[in-house]
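# Coordinate analysis (summary)
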Amino acid sequence: MTLVAKIFNVLGWRRSMKPKTPAAALLEWYDVHRRALPWRAPAGGRADPYRVWLSEIMLQQTTVAAVGPYFEKFTTRWPHVAALAGARDEEILAAWAGLGYYARARNLVACARRLAADGFPESEEGWRALPGVGPYTAAAVAAIAYDLPATVVDSNVERVVARLMAIETPLPAAKPEIRAAAARLSPRERPGDYAQAMMDLGATICTPASPACGRCPLAPFCVARARGIAAGLPRRAPRLARPERVGAVFVARRKDGAALVRTRPARGLLGGMSEFPGSDWSDAPVGVEAAPLKLDWRAVGPVRHVFTHFALTLDVFVAEAPGTAKPPPRARWVAADALAREALPSLMRKVARLAGL
DNA sequence: GACACGTGGCG
DNA sequence: TCGCCAAGTGT
């Protein structure tokens, strides 16, 4: 907000400058309430495309709070794209461990190497062609890092627009309608600030459960608010029940502290991540017959973990292995002090903790 | 369009 | 306790 505008504001003359469009009202609100985030440029400053890209990948389906420490870790260790492109795949997967959706990390590596080799695209279309960059991320980077007038649509924007226009079609069927409305709303001026303003509004005011309409700069324009249906929008198709799966996992330890670990197949669930050997996960319980080595296994309890599309209960077994034990195919002994550098997903960290590692 | 793909916080 | 949800993408 300009100094003049601030003075007018303080003097209570704001009503006389009431914005004529939602975009103008939103930008005025953003100038006062914008959140300071690690990947964001200071007001009026220029954002670093590398940091914008990295943050957008991390933020896919992930909260700002969860991303914070990971973004800090990545940018400290790999301050620019050349550094990231030069890192080993396993290093990056290990640094990503715990953030989830590990295909993002695999695509991040591939994308970093393309960016380092070919340079950063300066168009939305150019970004869209990169691995791990879909319609949302391409538009977000174009708008935020290059100030190009792209239509940015994430779930915040979907929610804000569905309410603003009182779109009652359930998601995902409503996506085309919402996108079209979002495109009409997007201003030609300050596209980067506008995109971030929509997301800040969705995160702090126009929240899913109980929106703070009383503090919303778009309230005068909001059809859903006028009709008293804001909190119920956007509608969504009902979710299907989450299936249950069970399995067993085995933590073998040598006297010197080393533990038996293997790497999961490169693609699919937890692809490329490390794990303790175990059974498949299905609907039938299994016992120690699924163990990778014949040892005196001791049950230490179940671990419960909920994935997006199924819930898992894993029976955890531990045993001491002789120093001479040969690792089974695809498995390896990992020294106790090297375990922290393994790409162990949260599920396997729960297992490690229960096993006393 | 539908489904696979993680994790943690919140009401 | 448990379902909902988060700055989506790839197949």
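Residues numbered from 1 in each chain as written. Chains lettered and ligands numbered in written order. Predicted model: local features only at pLDDT ≥ 70, side-chain atom pairs only at ≥ 80, totals over all residues. Heavy atoms only, no water.

## Here's the deal with the protein's contact with DNA strand B
In the region of DNA strand B, 18 residues are neighbours, and Tyr-102, Leu-270, His-305, Thr-308 and His-309 sit closest. One of the backbone nitrogen or oxygen atoms of Tyr-102 is found 2.7 Å away from a phosphate oxygen of DNA strand B. One of the backbone N or O atoms of Leu-270 is found 2.5 Å from a phosphate oxygen in DNA strand B. Mapped onto the surface near DNA strand B, the elements with two or more residues apiece are β4 (298-306) and α14 (346-354). For the surface near DNA strand B, the per-class residue count stands at nine nonpolar, nine polar and no charged. (Near = heavy atom within 4 Å. Polar contact = N/O pair within 3.5 Å; in protein donor to acceptor, adjacent residues only side chain to side chain. Helix = DSSP H or I, 4+ residues; strand = E, 2+ residues; numbered from the N terminus. Nonpolar A, V, L, I, M, F, W, Y, C, P; charged D, E, K, R; others polar.)

## What about the domain arrangement of chain A?
Taken as a whole, chain A is organised into domain 1 (3-232) and domain 2 (244-354). The C-alpha-based centres of domain 1 and domain 2 are spaced at 38 Å. Each partner contributes to the interface: domain 1 provides seven residues, whereas domain 2 provides 15 residues. For the pair domain 1 and domain 2, the summed buried area comes to about 680 Å², and 57% of that belongs to carbon and sulfur atoms. For the domain 1 face of the interface with domain 2, the top three residues by lost area are Leu-93, Tyr-102 and Arg-106, together amounting to 58%. Taken together, the links from domain 1 to domain 2 amount to zero salt bridges. There are three residue pairs in polar contact (both at pLDDT 80 or more) connecting domain 1 and domain 2. Grouping the amino acids of the side of domain 1 that touches domain 2 by side-chain chemistry returns five nonpolar, one polar and one charged. (Domains from an automatic or database assignment. Contact = heavy atoms within 4.5 Å. Buried area = accessible area lost by both parts, 1.4 Å probe. Salt bridge = Lys/Arg side-chain N within 4 Å of Asp/Glu carboxyl O.)

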